[in-house]
Structures are given as C-alpha cells and as structure tokens.
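The residues making up each chain are set out below.
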Amino acid sequence: MAAQVLDGAAVARQIRSELAERVRSFEKNAGRRPCLRIVLVGDKADSEIYVRSKLKSASDEGIDASLTQLAAQSSIEKVLDLVRTLNADPTVDGILVQSPLPSSLGDGAMLRVFDTIDPAKDVDGFTPVNVGRLVQNRAALVPCTPAGIVQLLDRSRIEIAGRHAVVIGRSDIVGKPIAMLLLHRHATVTICHSRTPDLAATAARADILVSAIGRAGFVRKNFVKAGAVVIDVGINRVTDAAVASALLGEGSLRHESFLKKGSAVVGDVHPEVSAIAGALTPVPGGVGPLTIAMLMHNTLVAAEQRQRR
Ligand code: NDP
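In this report, we go over the structure that sits alongside the text. Treat the numbers as computed from the prediction; the structure is a model and nothing was measured.

**Description of the layout of surface pockets**
- Here the second largest pocket is characterised by a volume of approximately 370 Å³.
- Taken together, 17 residues make up the lining of the second largest pocket; nearest its centre are Val269, Pro271, Leu280, Pro282 and Val283.
- In terms of residue class, the lining of the second largest pocket is made up of eleven nonpolar, four polar and two charged.

The following block contains the structure:
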C-alpha cells in the first residue's frame, strides 16, 4: 500500500489562515501591521524566487514586507550596515537576510550577519542568542523549516514522544534544530551525516526519518522501516534526463513537465520509499510551504513581543 501523503501545502494554508486573523487583531491593537524586511545580496535566480514567494505570502497575510536588494559585489560591511540600520528602525519587526550570500563575501559572512541581527527581530531563528534559547527549550523564534515540520507532525496527529527519530543532515538551519525540537518533544534522536557509517541501517531504525541533505533520490527503500514517517526536506533541481525519468517516472505529468522545461525539483527521498513508508511528505508541496508559513508566524510573534515591551 502506498504511504499516506502528508499534505504540507494544506497544513500551511491552515496555519496561514489562523495567522491572518491574528495579524488583523495585532493591527487593530497596535495601529500598524507587522513589518518584515528582507535583504537579498546579488541576483541568484533561486534566491529571487524564494524571496518573491515570501513577499507574496506576507502580503496575503496582511504583513507589511519589502525587499532591499544589494549588488552581488557589495562588501560585507555594507550588508552589516544595512542590518544595523534595520535593527535600529523601530518600525521593523523582522529581518531576514536571504542565504546563501555571494561567495565573494567570504566563508564566515552569514555567521557575521547572524551575529549582527537583533535577536528580537531574528525571524529565521539563526542568531546565537536564539540558537541558545532553542537548545534550552525556551525559544520564541524557532528556525522556520524545523518548526514547520513539527507543526506538520502535530497537525497530522503523529506521535513524537517516545519514538526514535533519525535526522540525516546536521546543518544549522535544518538538521540540528529539527533534532533539538524532536528531542524536546521526547523523541530519542539520532543525527547522521556524511561520515556516518552504515547510514541505511541507522536510518532504517527510525520511526520518524527526516532527510535534509540535498541529494536527489538518496534515501532508498532499504533506509526505511516499514510504516515509518518520512519527512523529505530536500529541494534538488534535476536536469539530467536519466535521473529525471528514474525519479519522476516516464509518462507521469511531472516527467512531461520536465521534458518541456528541462528541469524539475525533487526531494532527497526516492519514490520507491512510498511502498514501504507509513506516511511521506511530497516534494514539492511538503515541507517547503510550511517553511514560508512559519516565517509569517515568526514575523507576527516578533511584532507581538516588541509591541508588549
Ligand atoms: P547543507 O548543505 O547545509 O547540509 C547538508 C547536510 O547533509 C550536511 O550535514 C551533510 O553532512 C549531509 N550530507 C550531505 N551528503 C550526505 C550523504 N551522502 N550522506 C549523509 N549525509 C550527507 O544543507 P541544508 O541543511 O541547508 O539543506 C538540506 C536540503 O534541504 C537541501 O536540499 C536544501 O535545499 C533543503 N532545504 C529545504 C527547505 C525547505 O523549506 N523545504 C529549507 C532549507 C533547506 P556533513 O555535515 O557531514 O557535510
């Protein structure tokens, strides 16, 4: 039997409609809308697409959002100066600097940005203060993708406490924070990465398997225990025809679309996993929409907290 599809897009719509009501009541009480400022350095096509969908979602929710785009060759000091200006602006509730930054800014550039953003306006939850609060289980601004995954599990009535969760990937933006959130919810958590020996066998012990590695179709059937819940965080653009036909299935609508466009987005999880998993998030339409919904949530929370000060 095919796995239950966990419809992240539907859950995201539900979260956003709840938020829209809260945004209206914030505006009534505060006399202004929550305000999100996005900073994009350069003109990388994928980043522009992500930023556009964040701006659209904010405007749908009644959040005042706008973009400041800096040239790709801007210096890190210019980026940090802009962040400091937004920190000091009392009308701004949330600051998001779109990653990745151009490589010309140097290896540690993103960390310098996180060191500079005011934690009260850190809607990504990536500043050291908010990471520390997350570890201590007292964070208000939690990284959006992991927070969205927990919302999806909760709203799909999937038990977390007492279960074994395996997270593949240990990045600061997905792997580590989702591991922490699942731990706080009383899962027993194993984190795997590129040096984990016998990854498939470790993954196959999971009741809840989260893959956040960025490798198309990497998680095969032998990684998955029968009936496990599989959360596919990966967003991988495939352009190779053989890979596309293996992952999309010859003759499928998505394969037809690949043939027209020359590319398609797929997750980390191979489609054969659907035959063994109990539940599975699709890509696209799984974790992605939840990430944006939680960004809107964090913007509202930041605005509410600043208003109460
Ligand atoms: P990173 O590149 O920062 O981290 C990838 C992680 O995967 C690393 O910890 C790496 O291990 C591990 N990894 C890579 N290859 C392997 C392998 N062969 N075996 C085991 N582990 C491996 O990626 P991100 O966490 O930023 O993103 C991961 C994926 O999630 C990407 O596809 C990204 O596009 C997607 N994403 C999706 C979001 C959404 O909203 N749906 C939001 C954010 C990200 P090591 O540390 O040892 O190098």
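From this point, the narrative continues.
**Focus on the nonpolar core**
- Ile149, Leu153, Leu182, Val210, Val229, Ile231 and Val233 are the most contacted members of the largest nonpolar core, which has 52 residues in total.
- Looking at which element gives the most residues to this core, the answer is helix α11 (residues 287–308), with eleven residues.
- Apart from residues lying up to four places away in sequence, Ile149 is in contact with Ile178, Val210, Ile231, Val233 and Val287.
- Core analysis: the next-biggest nonpolar cluster, separate from the first, contains 21 residues, Leu70, Val79, Leu82 and Val92 among them.

**Quick notes on the site of the ligand**
- Of all residues adjacent to the ligand, which total 21 residues, the nearest are Arg170, Ser171, Ser194, Ile235 and Thr291.
- One of the backbone nitrogen or oxygen atoms of Val233 is found 3.4 Å away from a nitrogen atom of the ligand.
- In the environment of the ligand, an oxygen atom lies 2.7 Å from a nitrogen or oxygen atom belonging to the side chain of Thr291.
- For the ligand, the accessible surface in isolation is 930 Å², of which the surrounding protein chains cover 72%.
- Here the element with the most residues in the shell around the ligand is α11; it accounts for three residues.
- Residue composition of the shell around the ligand, by class: nine nonpolar, ten polar and two charged.

**Details of the pairing of strand β7 (residues 208–211)**
- Going residue by residue along β7, you find Ile208 and Val210 tucked away on one face and Leu209 and Ser211 tucked away on the opposite face as well.
- Where strand β5 (residues 164–168) and β7 come together, four bridges link them in parallel fashion. Across the sheet, residue Val166 finds its bridge partner in β7, namely Leu209.
- In the sheet, β7 pairs with strand β8 (residues 229–232) via four bridges, with the strands oriented parallel. Counted as the bridge partner of Val210 is Ile231 from β8.

**A short note on the packing of helix α1 (residues 8–30) against α11**
- Across the interface, α1 lies against α11 with an axial gap of 9 Å and an inter-helix angle of 20°. In terms of orientation, α1 and α11 fall into the roughly parallel class. As for the relative orientation of α1 and α11, their crossing is left-handed in sense. Of α11, the residues touching α1 (which contributes Gly8, Ala9, Val11, Ala12, Ile15, Arg16, Leu19, Arg22, Val23, Phe26 and Ala30) are Pro289, Leu290, Ala293, Met294, Met296, His297, Leu300, Val301, Ala303, Glu304 and Gln307.
- For the contact of α1 with α11, the per-class residue count stands at 16 nonpolar, three polar and three charged.

**Comments concerning the sheet that holds β5**
- Read across the sheet, six strands follow the order β1-β11-β8-β7-β5-β6 without closing on themselves; strand pairing throughout is parallel. The open sheet has two edge strands with one neighbour each: β1 (4–5) and β6 (188–192).
- Pairing between β8 and strand β11 (residues 279–280): two bridges, direction parallel. Its bridge partner being in β11, Val230 is matched across the sheet by Leu280.

**Some words on the pattern of salt bridges**
- For the structure on display, the rule yields 16 salt bridges.
- Note that Asp154 is salt-bridged to Arg185, the shortest N-O span being 2.9 Å. With Asp154 in helix α6 (residues 144–155) and Arg185 in the loop between α7 (175–184) and β6, the pair connects residues that are 31 residues apart, well separated along the chain.
- For the salt bridge of Asp207 with Lys225, the shortest nitrogen-to-oxygen distance reads 2.7 Å. Taken as a pair, Asp207 in the loop between α8 (199–203) and β7 and Lys225 in the loop between β7 and β8 lie far apart in primary sequence, 18 residues in all.
- Exposure remark for Lys225: the relative accessible area of 33% places this residue in the partly exposed category.

What counts and how
Residues numbered from 1 in each chain as written. Predicted model: local features only at pLDDT ≥ 70, side-chain atom pairs only at ≥ 80, totals over all residues. Heavy atoms only, no water. 1 Å grid on protein atoms, 1.4 Å probe; cavity = no way out; pocket = protein on both sides within 12 Å on 5 of 7 lines; lining within 4 Å. Points joined across faces, edges and corners; volume = space filled by probe spheres on them. Nonpolar A, V, L, I, M, F, W, Y, C, P; charged D, E, K, R; others polar. Core = buried A, V, L, I, M, F, W, Y, C linked by side-chain atoms within 4.5 Å. Buried < 20%, exposed > 50% of the residue type's maximum accessible area, 1.4 Å probe, protein only. Helix = DSSP H or I, 4+ residues; strand = E, 2+ residues; numbered from the N terminus. Contact = heavy atoms within 4.5 Å. Near = heavy atom within 4 Å. Polar contact = N/O pair within 3.5 Å; in protein donor to acceptor, adjacent residues only side chain to side chain. Areas by Shrake-Rupley, 256 points an atom, 1.4 Å probe, with all protein chains shown as cover. Pairing = 2+ DSSP bridges. Axes fitted to C-alpha atoms, helices over the stretch in contact; angles between N-to-C directions. Parallel < 35°, antiparallel > 145°, perpendicular 65-115°, else oblique. Left-handed = near helix turned anticlockwise from the far one by under 90°. Salt bridge = Lys/Arg side-chain N within 4 Å of Asp/Glu carboxyl O.

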